[in-house]
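Residue-level structural notes
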Amino acid sequence: MSESFHFLRPEWFLALIPLLLILLLSERRRRGEGQWQQVCDAALLPYILIRQKQGKASALPRLWLLLMGLIAVTALAGPVWERTPQPLFRSQEALVVLFDLSRSMDATDLRPSRLERARLKLLDLLHQRQEGLTALITYAAQPFVVTPLTEDSATIEALVRSLSTDIMPAQGSRPDLAIAKGVELLQQ
């Protein structure tokens, strides 16, 4: 970690250019250096223009505008003492997991059961996945979207524990329909 003072968004300092232009135009207008010089004789200008006293009071609003503008631009530029990592690239890779919930998953040929092993594999997959979008589709006779594409794998992890073959309304094994549903999710 670097302990040096820096700005997260230094491009905001470009906003000082319009601020200075506004102040210059305001000062020019205050002095009367506007359009009257172009149409009137210079000797007549003191009699035509009504000028305020050239004192500190008339400059105070412009000084406040300059001060507030500098504070606002500096705040928008994001001054910090510690450098925080800024994500430059965010992976939008999509993964659709098809989870079989047919009665065959209740078989105990693998300890403790195929369903429990599949749950553990899915949880391992979610823990290893650092970024990207993930969706979960369960299927038996027909597919059901448990979670659409999301970056929140914690939600999917919470739902994985409640998956069982009993929640499917009709039994069967139609992975072809689940694949079609997964492709549909990816295309959206």
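Below is a summary of the structure that appears in this document. (Residues numbered from 1 in each chain as written. Predicted model: local features only at pLDDT ≥ 70, side-chain atom pairs only at ≥ 80, totals over all residues. Heavy atoms only, no water.)

The next thing to look at is helix H7 (residues 175-187). Look at H7: 18 Å from first C-alpha to last across 13 residues, which is about the 18 Å you get at 1.5 Å a residue. For H7, the complete set of buried residues consists of Ala178, Gly182 and Leu185. For H7, the angular spread of the buried residues around the axis is 55°, confining them to a single face. Looking at the packing, one finds that the buried side of H7 touches strand S3 (94-100), strand S4 (133-139) and strand S5 (143-150). (Helix = DSSP H or I, 4+ residues; strand = E, 2+ residues; numbered from the N terminus. Expected span 1.5 Å × (residues − 1). Buried < 20%, exposed > 50% of the residue type's maximum accessible area, 1.4 Å probe, protein only. Arc of directions from axis to C-beta. Contact = heavy atoms within 4.5 Å.)

On to the packing of aromatic side chains. Counting across every chain of the model gives 3 aromatic pairs. Taken together, a centroid distance of 5.2 Å and an interplanar angle of 80° make the contact between Phe5 and Phe7 edge-to-face. Residue classification places Phe5 among the partly exposed positions, given a relative accessible area of 41%. Aromatic pair Phe7 and Phe13: ring centres 4.9 Å apart, planes at 85°, arrangement edge-to-face. By relative accessible area, which is 27% here, Phe7 ends up partly exposed. For Phe13, a relative accessible area of 29% puts it in the partly exposed group. Three or more aromatic residues joined by ring pairs form one cluster here, namely Phe5, Phe7, Phe13 and Trp81. (Phe/Tyr/Trp six-rings, centres within 6.5 Å; stacked < 30°, edge-to-face > 60°.)

The next point concerns the sheet that holds S3. In spatial order, the strands read S3-S4-S5; together these 3 strands make up an open sheet with mixed pairing. Bordering the open sheet on either side are S3 and S5, each of which pairs with just one other strand. Strand-to-strand, the axes of this sheet are offset by a mean angle of 15°, without reference to chain direction. Alignment of S4 against S5, held across 5 bridges, turns out to be antiparallel. Paired with Tyr139 across the strands is Pro143, a residue of S5. Here helix H5 (residues 114-128) sits on the sheet in contact with S3 and S4, set at roughly 170° to S3. (Pairing = 2+ DSSP bridges. Axes fitted to C-alpha atoms, helices over the stretch in contact; angles between N-to-C directions.)

Here we take up helix H6 (residues 153-160). Regarding H6, the residues found buried are Ile156, Glu157 and Val160. Mapping the buried residues of H6 onto a view down its axis gives an arc of 105°, with all of them on the same face. On the buried face of H6, the contacting elements are H5, S4 and S5.

In this section: the nonpolar core. Residues Phe99, Leu101, Leu122, Leu136 and Val160 are the most contacted members of the largest nonpolar core, which totals 15 residues. Counting only elements with at least two residues in this core, the list comes to S3, H5 and H6. Residues in contact with Phe99, not counting those within four places in the same chain, are Leu115, Ala118, Arg119, Leu122, Leu136, Ile137, Thr138, Tyr139 and Leu163. Val96, Ala135, Tyr139 and Leu185 belong to the second largest nonpolar core, which has 6 residues in total. (Core = buried A, V, L, I, M, F, W, Y, C linked by side-chain atoms within 4.5 Å.)

On to the pairing of S4. Buried residues dominate S4, accounting for 7 of its 7 residues. Side chains Leu133, Ala135, Ile137 and Tyr139 project from S4 onto one buried face, and the interleaved Thr134, Leu136 and Thr138 project onto a second face that is buried too. Pairing of S3 with S4 involves 7 bridges; the strand directions are parallel. In the sheet register, Ala94 faces S4, and the bridge partner there is Leu133. For the crossover from S3 across H5 to S4, the handedness is right-handed. In this antiparallel pair of consecutive strands, S4 and S5, the connection spans 3 residues. (Right-handed = clockwise from strand over helix to strand, strands pointing away.)

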